[in-house]
Amino acid sequence: MQGLKRKVVYVSLFETIAIGLTSTGLMLMGGHDAGHAGTAAVASSLIAIVWNFAFNTMFEAWEARQAKRGRDWKRRAAHAIGFEGGLLLVLVPLFAWWLNISLWEALVLDIGLLIFFMIYTYIFSLAFDHVFGLPASAQG
């Protein structure tokens, strides 16, 4: 599976799971009610969807120009760090505002989510590539 279809399937699966995990995490670890946690999760998911399409398009364009093909642990780690770092810049102010917490508390909350989602992104992408194959940009 390649191109836009690959991106739509990837993002749909990734974000569906992410909404459930984020809502649950915000409720259990953050002490927020289901309404606030769910809304924050859906909003962050919508932001992540837009960022996912933009970031993956840029990443795959960069990847296609590399002499070395494939996705070793370094490339996968760079992908996860770049993706999650971009989200951090947007989600900290969103969480602070919506959950009525300080920027510091939102940063700490988002760092916890970031650590979890960096691992989740790495594992999900590895599993996705295993099931659906590598994108054309990573094939030799």
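Details of the overall build of the chain
Line of reasoning, step 1. A count of helices and strands for the chain gives four helices and zero strands.
Line of reasoning, step 2. From first element to last, N terminus to C terminus, the chain shows the α and β order α-α-α-α.
Line of reasoning, step 3. Relative to the compact-globule value of 14 Å for 140 residues, the chain shows a C-alpha radius of gyration of 16 Å, a close match.
Line of reasoning, step 4. Referenced to the eigenvectors of the C-alpha coordinate spread, the extents of the chain come out at roughly 50 × 25 × 20 Å.
Line of reasoning, step 5. Out of the 140 residues in the chain, the part that is buried amounts to 40%.
Line of reasoning, step 6. If you take every contact in the chain between residues at least 6 apart in sequence, the share linking residues at least 24 apart comes to 71%.
Line of reasoning, step 7. With the model as given, the accessible surface of the chain reaches about 7,700 Å², and the carbon-plus-sulfur share is 74%.
Line of reasoning, step 8. Between the averaged position of the 10 positive side-chain charges in the chain and that of its 9 negative side-chain charges there is a distance of 16 Å.

As for the pattern of salt bridges
Side chains bearing opposite charge may pair, as long as their charged atoms lie close to each other.
Line of reasoning, step 1. On inspection of all chains with the given rule, the structure shows seven salt bridges.
Line of reasoning, step 2. Across the salt bridge formed by R71 and D129, the nearest N and O atoms sit 3.5 Å from each other. Of the two residues, R71 is situated in the loop between α2 (34-64) and α3 (73-98) and D129 in helix α4 (residues 103-132); the sequence distance between them amounts to 58 residues.

Here's the deal with α2
Line of reasoning, step 1. Taking 1.5 Å per residue, 31 residues should reach 45 Å; α2 reaches 42 Å between its end C-alpha atoms and fits that length.
Line of reasoning, step 2. For α2, the N-terminal capping position is held by D33, with its side-chain oxygen 2.9 Å away from the main-chain nitrogen of G35.

Focus on the packing of helix α1 (residues 3-28) against α4
Line of reasoning, step 1. At their nearest, the axes of α1 and α4 sit 11 Å apart, and the two run at 145° to each other. In this structure, α1 meets α4 at a crossing whose hand is right-handed. On α4, the residues that touch R6, V9, Y10, L13, F14, I17, A18, L21, T22 and L26 of α1 are L109, L113, F116, F117, Y120, T121, F124, S125, F128, D129 and F132.
Line of reasoning, step 2. Across the contact of α1 with α4, the residue classes break down as 16 nonpolar, three polar and two charged.

Cut-offs and rules
- Residues numbered from 1 in each chain as written.
- Predicted model: local features only at pLDDT ≥ 70, side-chain atom pairs only at ≥ 80, totals over all residues.
- Heavy atoms only, no water.
- Helix = DSSP H or I, 4+ residues; strand = E, 2+ residues; numbered from the N terminus.
- Rg over C-alpha atoms; globule rule 2.2 N^0.38 Å.
- Buried < 20%, exposed > 50% of the residue type's maximum accessible area, 1.4 Å probe, protein only.
- Contact = heavy atoms within 4.5 Å.
- Areas by Shrake-Rupley, 256 points an atom, 1.4 Å probe, with all protein chains shown as cover.
- Lys, Arg positive; Asp, Glu negative; His and termini not counted.
- Charge placed at Lys NZ, Arg CZ, Asp CG, Glu CD.
- Salt bridge = Lys/Arg side-chain N within 4 Å of Asp/Glu carboxyl O.
- Expected span 1.5 Å × (residues − 1).
- Polar contact = N/O pair within 3.5 Å; in protein donor to acceptor, adjacent residues only side chain to side chain.
- Axes fitted to C-alpha atoms, helices over the stretch in contact; angles between N-to-C directions.
- Left-handed = near helix turned anticlockwise from the far one by under 90°.
- Nonpolar A, V, L, I, M, F, W, Y, C, P; charged D, E, K, R; others polar.

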